[in-house]
Amino acid sequence: MNDIGVRDADVTDVDVVVVGAGQAGLSSAYHLRRRGFEPERDFVVLDHAPRPGGAWQFRWPSLTYGKVHGMHALPGMELTGADPARPSSEVIGAYFTAYEQRFDLRVRRPVDVRRVSEGDGGRLLVETSAGTWSTRALINATGTWDKPFWPRYPGQETFLGRQLHTAVYPGPEAFRGQRVVVVGGGASGTQHLMEIAPYAAGTWWVTRRPPVFADGPFDEGRGRAAVALVEDRVRQGLPPQSVVSVTGLAVTDAVREARANGVLDRLPMFDRITPTGVEWDDGRTVEADVILWATGFRAAVDHLAPLRLREPGGGIRMDGTRAAADPRVHLVGYGPSASTIGANRAGRAAVRDIVRLLEREPVPA
Ligand SMILES: Cc1cc2nc3c(=O)[nH]c(=O)nc-3n(C[C@H](O)[C@H](O)[C@H](O)COP(=O)(O)OP(=O)(O)OC[C@H]3O[C@@H](n4cnc5c(N)ncnc54)[C@H](O)[C@@H]3O)c2cc1C
């Protein structure tokens, strides 16, 4: 409303705004459709990336579809016949494109959601690069890719080589003949090392804590236990941890081989960065051309700051997919649902809750 009580012309009313069109946003949009919500009239899906595919569209070319383990299809449409040698960015980009068309989800892109705040009459105001929406409920499905976490170490700005984050990893050829320090004990760090080692003049792996290799199959029971641990954290309002920090690193044949060859011998975290490498307090040094930070990502939720959902612990306290402090706001793909299967399930749960909140006549699912 403006100050004479007239609604601004460029504010559009909907029942639900979905922010993000990755696995979590598309799964939510699918369930909205099934429950009788009409795209554009009842809900909109906004995404700031240029193409369909969510974060997958930005993943490095050497991450082929065959290297992706445990990717679950979106609800209602299988992903079949994909060439395992093709980059996952292309395979999943094409699959998401077909999915959006098949279910007529009408994703608006590129639309950057900048701020979500309290609006009039119990509604939320969603300000974007392409206008403002006023909504009764919000599904936030913005993932983590847009918020790479890059820790700071003394001397970092003095380094004369190249520093880069997993988010812009270009594939292994770019490291030909170079001495590369990889920082980070998660799955991305180990994958980078195994890819880069055959090209590089030398690789060193540095992690804060000793990595935990989890032998044996990553079965359903282990998956469930990991999800339960992360669920418990977000219920307490703590920042969710990465799933690997909970499950340990899966030991594939490639990992076994890399361990045998010394590619995954780990050094403790260095104490400082020098112009030519890294250094430990005990006097040890490594000369390097590149520091590759495989130090993970954080939830991309800065645009929700005006709603003050964050707890003193730094996370958003969750009750299922709902923000405990605001029943209009659902986080899908956050914490325990930050996996393709988790995002599918959370999308359905969030929509079920929102149907109840909006007191809409349920349409049989
Ligand atoms: C290298 C790698 C490999 C993985 N492999 C697997 C695997 O094998 N199996 C598995 O289950 N999981 C895997 N994961 C995790 C999996 O990718 C994610 O859990 C899931 O795909 C994330 O879906 P999402 O929709 O939550 O996020 P995303 O795919 O990141 O989608 C979020 C979307 O929100 C948009 N967005 C963000 N901020 C805004 C904003 N302010 N305004 C508008 N739009 C915005 C982005 O453009 C993006 O399209 C992997 C992750 C990584 C990093």
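Residues numbered from 1 in each chain as written. Predicted model: local features only at pLDDT ≥ 70, side-chain atom pairs only at ≥ 80, totals over all residues. Heavy atoms only, no water.

(A) Structural detail: the overall build of the protein chain. Along the backbone of the protein chain there are seven helices and 18 strands. Over its C-alpha atoms the protein chain spans a radius of gyration of 22 Å, differing by no more than 12% from the 21 Å that the globule rule assigns to 365 residues. The buried share among the 365 residues of the protein chain stands at 48%. For the protein chain, contacts bridging at least 24 residues in sequence account for 67% of all contacts bridging at least 6. (Helix = DSSP H or I, 4+ residues; strand = E, 2+ residues; numbered from the N terminus. Rg over C-alpha atoms; globule rule 2.2 N^0.38 Å. Buried < 20%, exposed > 50% of the residue type's maximum accessible area, 1.4 Å probe, protein only. Contact = heavy atoms within 4.5 Å.)

(B) Up close: the nonpolar core. In this structure, V16 and Y99 are the most contacted members of the largest nonpolar core, which totals 62 residues. With six residues, the top contributor of residues to this core is helix α7 (residues 340-357). Look past the residues within four positions of V16 in its chain and what remains in contact with it is L32, F37, D42, F43, V44, T135, A137, I139, I354 and L358. Grouped together as the second largest cluster of nonpolar side chains are 24 residues, V17, L124, V234 and L331 included. (Core = buried A, V, L, I, M, F, W, Y, C linked by side-chain atoms within 4.5 Å.)

(C) Focus on the sheet that holds strand β12 (residues 272-274). Pairing is antiparallel across the open sheet formed by three strands, whose spatial order is β12-β13-β14. At either end of the open sheet lies a strand with only one pairing partner, and these are β12 and β14 (285-287). In this sheet, adjacent strand axes meet at a mean angle of 20° when their direction is disregarded. Examined bridge by bridge, β12 and strand β13 (residues 277-279) share three bridges and lie antiparallel to one another. Bridged to T274 within β13 is G277. (Pairing = 2+ DSSP bridges. Axes fitted to C-alpha atoms, helices over the stretch in contact; angles between N-to-C directions.)

(D) View of the pattern of salt bridges. A full pass over the atoms with the stated rule returns 23 salt bridges. In this structure, the salt-bridge partner of R86 is E90, at a minimum N-O distance of 3.3 Å. Several salt bridges share partner residues, and in doing so they unite R33, E38, D104 and R106 into one network. (Salt bridge = Lys/Arg side-chain N within 4 Å of Asp/Glu carboxyl O.)

(E) A look at the packing of aromatic side chains. If you walk through the whole model with that rule in mind, you get 14 aromatic pairs. Pairing Y153 with W293 gives two aromatic rings, centres 6.0 Å apart and planes at 15°, and the pair type is stacked. Of this pair, Y153 sits in the loop between β5 (131-140) and β6 (162-165) while W293 sits in strand β15 (residues 290-293), placing them 140 residues apart in sequence. One exposure class covers both Y153 and W293, and it is buried. (Phe/Tyr/Trp six-rings, centres within 6.5 Å; stacked < 30°, edge-to-face > 60°.)

(F) Local environment of the sheet that holds β15. Strand order in this open sheet of five strands is β6-β15-β7-β8-β11, and the pairing throughout is parallel. With partners counted over all chains shown, the strands left at the sheet margins are β6 and β11 (266-268), one partner each. Along the sheet, successive strands turn relative to each other by an average axial angle of 25°, direction set aside. Two elements, β6 and β15, share four bridges in a ladder whose sense is parallel. Following the sheet pairing, Q163 is matched in β15 by I291. The strands touched by helix α3 (residues 187-196) are β7 (179-183), β8 (202-207) and β15; relative to β8, the strand with the most contacts, the crossing angle is about 170°.

(G) Examining the packing of helix α1 (residues 23-34) against α7 more closely. For the pair α1 and α7, interaxial distance at closest approach is 8 Å and the crossing angle is 35°. For the pair α1 and α7, the crossing hand works out as right-handed. Across the interface between the two elements, Q23, A24, S27, S28, H31 and L32 from α1 touch T340, A343, N344, G347, R348 and V351 from α7. (Left-handed = near helix turned anticlockwise from the far one by under 90°.)

(H) Structural view of the packing of α1 against helix α2 (residues 88-102). Axis separation between α1 and α2 bottoms out at 11 Å; the angle between their running directions is 20°. Classed by the angle they form, the pair α1 and α2 counts as roughly parallel. Every pair of crossing elements has a handedness; the one defined by α1 and α2 is left-handed. Of α2, the residues touching α1 (which contributes Q23, L26 and Y30) are F96, Y99 and E100. Its residues assigned to classes, the contact of α1 with α2 comprises four nonpolar, one polar and one charged. (Parallel < 35°, antiparallel > 145°, perpendicular 65-115°, else oblique. Nonpolar A, V, L, I, M, F, W, Y, C, P; charged D, E, K, R; others polar.)

(I) Looking closely at the environment of G277. Here G277 lies in strand β13. By relative accessible area, G277 is classed as buried at 0%. Taking C-alpha positions, G277 is 8.5 Å from V181, a pair spaced 96 residues apart along the chain.

(J) Structural context of the side chain of H303. Take H303: it is sitting in the loop between β15 and β16 (318-319). Residue classification places H303 among the buried residues on the basis of a relative accessible area of 9%. The residues contacting H303, other than those within four sequence positions of it, are V19, V113, R114, R115, V116, N140 and T142.

(K) Fine view of unusual backbone geometry. The residue after R109, namely P110, is reached through a cis peptide bond having omega -10°. Phi is positive for R308, which is not a glycine, with a value near 50°. The topology assignment puts R308 in the loop between β15 and β16.

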